[in-house]
Amino acid sequence: IYKEETPYYTITVEGNYTYGFLLEKKIKSFPYNYSIFKHFYPNFSLEFKFIAARIINSEAINLLGNRYEFSENGQLVKEENYDEGWGFSYEQAVRFAQSKYDEDTFKKMRIYKTTENGWKYWSVYTGGVYGDGYGEIEHLKLDAQTGEIISHVVKYVPRYGAIKVLKVIVPDKTKEKR
């Protein structure tokens, strides 16, 4: 419905008078790529708001900080902390990847929150030769509390067919129940 773009941010508003409106403000702060989301009821009172970080080369997001939900008359009804149990921050995971890889590889990476078998960790993927997720990739898992590498595997991901593990650098601790 509405779009505004500057060198520093992009604002988009989409929606209708039946279901309400979603405002997204994408802050251009490479490599972090933060977005602020606000959803409004059809009467324009705020329904919820939260901050996220857009995954590089993806429309997917990492939810960060607190999410606030409001009733139609403006009362706070729910607050959710997306960072609970994540002592090693998104910014620290990004800086780790930025220091480990060259700029071209870094720009093709994906970094996102994952929970598996009671483990919370940052998944760090190199993006393949062209940034499309195919070819030889590295997949690291960084512990959500400490940033320790709890898995590091080099894989070959074909466009079609089975994934092949080429090298295990750090055996995957997340396969064990925590």
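Located above this text is the structure these notes cover.
Residues numbered from 1 in each chain as written. Predicted model: local features only at pLDDT ≥ 70, side-chain atom pairs only at ≥ 80, totals over all residues. Heavy atoms only, no water.

What follows concerns the packing of aromatic side chains. According to the stated counting rule, one finds nine aromatic pairs in the structure shown. For the pair Phe48 and Phe50, a centre-to-centre distance of 6.0 Å together with 15° between the ring planes defines the contact as stacked. Residue class for Phe48 comes out buried when judged on its relative accessible area of 16%. Phe50 gets classed as buried once you look at its relative accessible area, which sits at 11%. (Phe/Tyr/Trp six-rings, centres within 6.5 Å; stacked < 30°, edge-to-face > 60°. Buried < 20%, exposed > 50% of the residue type's maximum accessible area, 1.4 Å probe, protein only.)

Within the element layout of this structure, Thr10 appears in strand E2 (residues 9-16). Beyond its immediate stretch of four places on either side in the chain, Thr10 contacts Lys3, Glu4, Glu5, Glu24, Lys25, Lys26 and Lys28. (Helix = DSSP H or I, 4+ residues; strand = E, 2+ residues; numbered from the N terminus. Contact = heavy atoms within 4.5 Å.)

Next up on the list: the sheet that holds strand E3 (residues 20-27). Reading across from one edge, E1-E2-E3-E4-E5-E6-E7 is the order of the seven strands in this open sheet, with antiparallel pairing throughout. This sheet does not close on itself; its edge strands, each paired only once, are strand E1 (2-5) and strand E7 (76-81). On average, adjacent strands in this sheet sit at an angle of 15° to one another, irrespective of strand direction. Of the strand pairs in this sheet, E3 and strand E4 (residues 34-40) are connected by six bridges, and their pairing is antiparallel. Within E4, the residue paired with Leu22 across the bridge is His39. (Pairing = 2+ DSSP bridges. Axes fitted to C-alpha atoms, helices over the stretch in contact; angles between N-to-C directions.)

Right, let's get into the nonpolar core. The biggest cluster of nonpolar side chains holds 18 residues, and the ones touching the most others in it are Tyr90, Ile111, Trp122 and Val124. Where this core is concerned, the elements lending two or more residues are helix H1 (90-100), strand E9 (119-125) and strand E10 (135-143). It is H1 that provides the largest number of residues to this core, a total of four residues. (Core = buried A, V, L, I, M, F, W, Y, C linked by side-chain atoms within 4.5 Å.)

With respect to topology, five strands assemble into an open sheet ordered E8-E9-E10-E11-E12, the strand pairing being antiparallel. The sheet is open, and its two borders are formed by strand E8 (110-116) and strand E12 (164-170), each paired with just one other strand. On average, each strand axis in the sheet is inclined to that of its neighbour by 25°, with strand direction left out of account. Direction of pairing for E10 relative to strand E11 (residues 149-157): antiparallel, over a ladder of eight bridges.

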